[in-house]
Amino acid sequence: MAKAFGCNPMIVGSNPTPRFKPYEECVIMTKKFDFENSEKELASFWSKAKIYEFDQSSSKQVFSIDTPPPYASADHLHVGHGMHYSQFEFVARYKRMRGFNVFFPMGFDDNGLPTERFVEKKHKINKSKTTRQEFIKLCLEETEKTGQTYKDLFNALGFSIDWNLLYHTIGKTATVASQKSFLDLYKKGLLYKKDAPIMWDTVLQTTLAQADLEDVEMKSHFNNIVFKVGAKEVLIGTTRPELIGACVALFYHPDDDRYKELKGKFAKIPLYDAEVPILPDEHVDPEKGTGLVMCCTFGDKQDIEWWQKHNLPLKIIINKFGKLNELAGPYEGLKVRDARKQIIQDLKEKKLLVSQKEIVHAVNISERSGIEIEFLKSPQWYIKVLDKKQELIDIAGKIDWKPKHMKVRYDHWVQNLQWDWCISRQRYFGVPFPVWYSKKTGEIILAEPSELPVDPIKDFPKNLPEGHTKEDIIPEKDVMDTWMTSSVTPQINARWGSEDEREGFLPMSMHPQAHDIIRTWAFYSIVKSYYHNKNIPWKTIMISGHGQDSNGKKMSKSKGNFVVAQEVIKKYGADAFRYWASTVKLGDDLPYQEKDVVTGKKTVKKIDNAANFVSLNLEGFKNEPLTKQELSTIDKWLLSKLQRTIKSCTQNFENYEYSKSKQEVDNFFWNTFCDYYLEFVKHRVYGENLEKKSKEAAQKTLYKALLAQLKLFAPIMPFITDYVYQRQFKEFEKNPSIHVSDWPEYEASFIDEKSELTGDKLVQIVDFIRKYKSQKQLSLKEELKKVIIKADEKILPSLEEIALDIKQICKINNLEFVQGDEFEVIIN
């Protein structure tokens, strides 16, 4: 039975387990923050205390994250992986502190081509030369190892994932969702099987979808080749002379006067004893090459369109291994590039190659293998998208895109689609189609939803067609494209099709991903959600950039230009790594600069030192309500600026601008709090014979300001912030962790522009005197005999009110104030 999401009432009379385990049971805190040990202790505590566990019974508003399931195909992970996942993890932590019941799952994308290629390379095997069962066994073993690699990295980075929500795209839940999706689309007429031209990867030995391709610039030659029309010679320009044997027609533009007389005639193919018709078609570009082009089956999408439109014969001369077949005559058995060279040589010898021009042009290659694709013909499964372009653009407009300009990439992709989505793959390790075929009639036999999950190779349909036995049934051996599963991750998280389906769960709150897979994961998920539910899959999509090497190039294992994330964490700590990941705004690529990680480590140290200073000066502190009346001007200055920082950080996080939030609190912490306020307040908390009320006000201000800053830092740097919280604040605040405490609220009552102006003038005075003492090579503790402060009538009274503070802070014996138009500090 499906359950209403977020409404799982406890059984009356039961003794439910407390939401959080007692802190004392879970962690023994080191006396000093040492990231190598402290981070491990805290991670262990968070796990044992179930700090990040999603609460199914809570009445809080749910914030659900459609976490990108990483490919389970790596032994080591580069810093780009850690950067991408850290950035949306910042948002998860922020939302949790804002009072949301955060649903933060993890999935491992362990089916499909990436895993198969990883296994083939690692074990140096070819899947076609081993049994299906043996190969799948190897894949399962490797995905388990790789999944642990990711889990170790994510735990090391302090990710607030609820591992109880883990799923695998080859697991039962995902298989049910994927097969249910197939059946639903088939029933709605949005899915079909067709024997048609396909894009083929000769290395991976599988069909590809348009989204699996990349355009790369490659050097080639434009060859002008002689065809004969009777006694007349005509020139054809081509970059693929190896396809001459597959030529089925020549085309010219109907308005091209050069070739109108050739209409209805036939041309003889060079090197082959065959003739093809010469036909007009408006899609020929008369300005390209000679204006006369050959149509081969198949060199590109245009060839396919002409073949279909003009009902041309089919002559495919390249086999699935990328070699020429028996229809290529003397070139049979040659690889495509070798055949190209040989045919060029033969054309030269027969004086049929008039000219060659070196060019650079865009070529479609397989994103995964890097090989140039070929066009073959075979039966495949497709999802209709070409006739739904505008609908898919419109529905995506209902999603809040972060950053907004990324929607343009989506629209551009959809507008330029040329193929329906091919979802079948000729591989082993993937979700099976819930399909069989009749040997007798060719009829498609579908599984019933109640049968899912099924593997047609092992299982038989429960209801055989009339007059059929099991021997009359043929299983579908192809598997689904990995995106067929990844596109239903919202449904997987909703447990779609299972007995405990989460009702009211969709659309999910947020979907994070990198910008390079807008054309795949974002697009396919939107397609599925629209087709299945007539709705968006998520309310917000968060698009991040790539981690790059120091030269600004995308990190790649194949190129060897990557830095291993685990090594950086081991050297500098997780908080320092996360600090680096937060230095770039959402959507932008981020070159890896070790100096930025070093800055993060320094910030961790500075937070620890500042916290120690505050701790040492909170002796006898009572956490009582703080009122403005008891505060000094300098306290008001600090807390007013703090409120502005809280407001800005909150607004930025609400807009997913984590980098701006980090910059705001970073600037406040280093400059306002550490460089100035901690110095300003020392004379009020150090030593004996202190004025009690002044000390208590300073203590309250220190407590309030430090706790607020820790909370503002917490989404970015979870370890040091919770470490300080456990040592200094948990006793008073009672929450088991800073990460389940409340985000700081903006308190407008603490905004005090007058105190801010006065405090800023104090900063100018301090800066001037620090510079003076430095130039004179005097100690900062050296007392100055006399200082005169000149200011206008507006600010002068406020400065006179803090005269004692100025004298104590700047070590001044005799301080005088005089009125003047210009602000000036005079040292006598």
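Residues numbered from 1 in each chain as written. Predicted model: local features only at pLDDT ≥ 70, side-chain atom pairs only at ≥ 80, totals over all residues. Heavy atoms only, no water.

Participant: Can you walk me through a negative patch on the surface in this structure?
Facilitator: A contiguous patch of negative charge, built from Asp792, Glu793, Asp821 and Glu822, is present on the exposed surface. Among the secondary structure elements, Asp792 is positioned in the loop between strand E28 (784-791) and helix H21 (796-801). With relative accessibility at 31%, the residue Asp792 sits in the partly exposed group. (Patch = residues over 30% accessible without salt bridge, like charges linked within 9 Å, V, L, I, M, F, W, Y side chains within 5 Å. Areas by Shrake-Rupley, 256 points an atom, 1.4 Å probe, with all protein chains shown as cover. Salt bridge = Lys/Arg side-chain N within 4 Å of Asp/Glu carboxyl O. Lys, Arg positive; Asp, Glu negative; His and termini not counted. Charge placed at Lys NZ, Arg CZ, Asp CG, Glu CD. Helix = DSSP H or I, 4+ residues; strand = E, 2+ residues; numbered from the N terminus. Buried < 20%, exposed > 50% of the residue type's maximum accessible area, 1.4 Å probe, protein only.)

Participant: Honestly, the environment of Arg495 in this entry has me stumped. Any pointers?
Facilitator: Position of Arg495 among the secondary structure elements: in the loop between helix H11 (489-493) and strand E23 (502-503). Looking at Arg495, the relative accessible area reads 28%, which means it is partly exposed. For the pair Arg495 and Ala177, spaced 318 residues apart in sequence, the C-alpha to C-alpha distance is 7.6 Å. In this structure Arg495 touches Asp500, Glu501 and Arg502, once residues within four positions along its chain are discounted. (Contact = heavy atoms within 4.5 Å.)

Participant: When you look at the sheet that holds strand E25 (residues 538-544) in this model, what are you seeing that I'm missing?
Facilitator: Each strand in a sheet pairs with its neighbour through backbone hydrogen bonds, running either in the same direction (parallel) or in the opposite one (antiparallel). In spatial order, the strands read E16-E25-E24; together these 3 strands make up an open sheet with parallel pairing. Of all the strands in the sheet, just strand E16 (400-402) and strand E24 (508-514) have a single pairing partner and so form its edges. The sheet shows a mean angle of 15° between the axes of neighbouring strands, taken without regard to direction. As paired strands, E24 and E25 are joined by 6 bridges and run parallel to one another. Residue pairing for E25: Met510 is matched across the bridge by Thr540. On top of the sheet, helix H12 (residues 518-533) reaches E16, E24 and E25; it is set at about 160° to E24, its chief contact. (Pairing = 2+ DSSP bridges. Axes fitted to C-alpha atoms, helices over the stretch in contact; angles between N-to-C directions.)

Participant: Would you explain the pattern of salt bridges in this entry?
Facilitator: Pairing between side chains of opposite charge can happen when their charged atoms approach one another. All told, the structure shown has 39 salt bridges when counted by the stated rule. Between Lys377 and Asp195 there is a salt bridge, and its shortest N-O distance comes to 3.3 Å. One end of the pair, Lys377, is in strand E15 (residues 374-383); the other, Asp195, is in strand E6 (residues 191-201), with 182 residues separating them in the sequence. For Asp195, a relative accessible area of 42% gives the class partly exposed. The salt bridge partner of Lys595 is Asp596, with a shortest N-O separation of 3.4 Å. On the accessibility criterion, Asp596 (19% relative accessible area) is buried. Members of the salt-bridge network, linked through shared partners, are Lys641, Arg644, Glu753, Glu756 and Asp760.

Participant: It is not clear to me how the sheet that holds strand E20 (residues 444-446) should be interpreted in this structure. Could you clarify?
Facilitator: Spatial strand order, E20-E19-E21: 3 strands in an open sheet with antiparallel pairing. Across the chains shown, the open sheet's two edge strands, defined by having one partner strand only, are E20 and strand E21 (473-475). Averaged over all pairs of adjacent strands, the angle between strand axes in this sheet comes to 35°, irrespective of strand direction. Pairing of strand E19 (residues 435-438) with E20 involves 3 bridges; the strand directions are antiparallel. Of the residues in E20, the one forming a bridge with Trp436 is Ile445.

Participant: Which parts of the structure should I look at to understand the environment of Ser86?
Facilitator: By secondary structure assignment, the location of Ser86 is in helix H2 (residues 79-97). C-alpha of Ser86 to C-alpha of Arg578: the two residues are 492 residues apart in sequence and 6.4 Å apart in space. Setting aside residues no more than four positions away along its own chain, Ser86 makes contact with Leu157, Phe159, Phe577, Arg578 and Ala581.

Participant: Explanation requested: the packing of helix H16 (residues 633-654) against helix H20 (residues 753-775) in the structure shown.
Facilitator: Helix packing for two helices is described by the angle between their axes and how far apart those axes are. Two elements in contact, H16 and H20, have axes whose closest approach is 8 Å; the angle formed by their N-to-C orientations is 110°. When the interaxial angle is binned, H16 and H20 end up roughly perpendicular. Between H16, through Thr633, Ile634, Lys636, Trp637, Ser640, Lys641 and Arg644, and H20, the contact on the second element is made entirely by Glu753, Ser755, Glu756, Thr758, Gly759, Asp760, Leu762 and Val763. (Parallel < 35°, antiparallel > 145°, perpendicular 65-115°, else oblique.)

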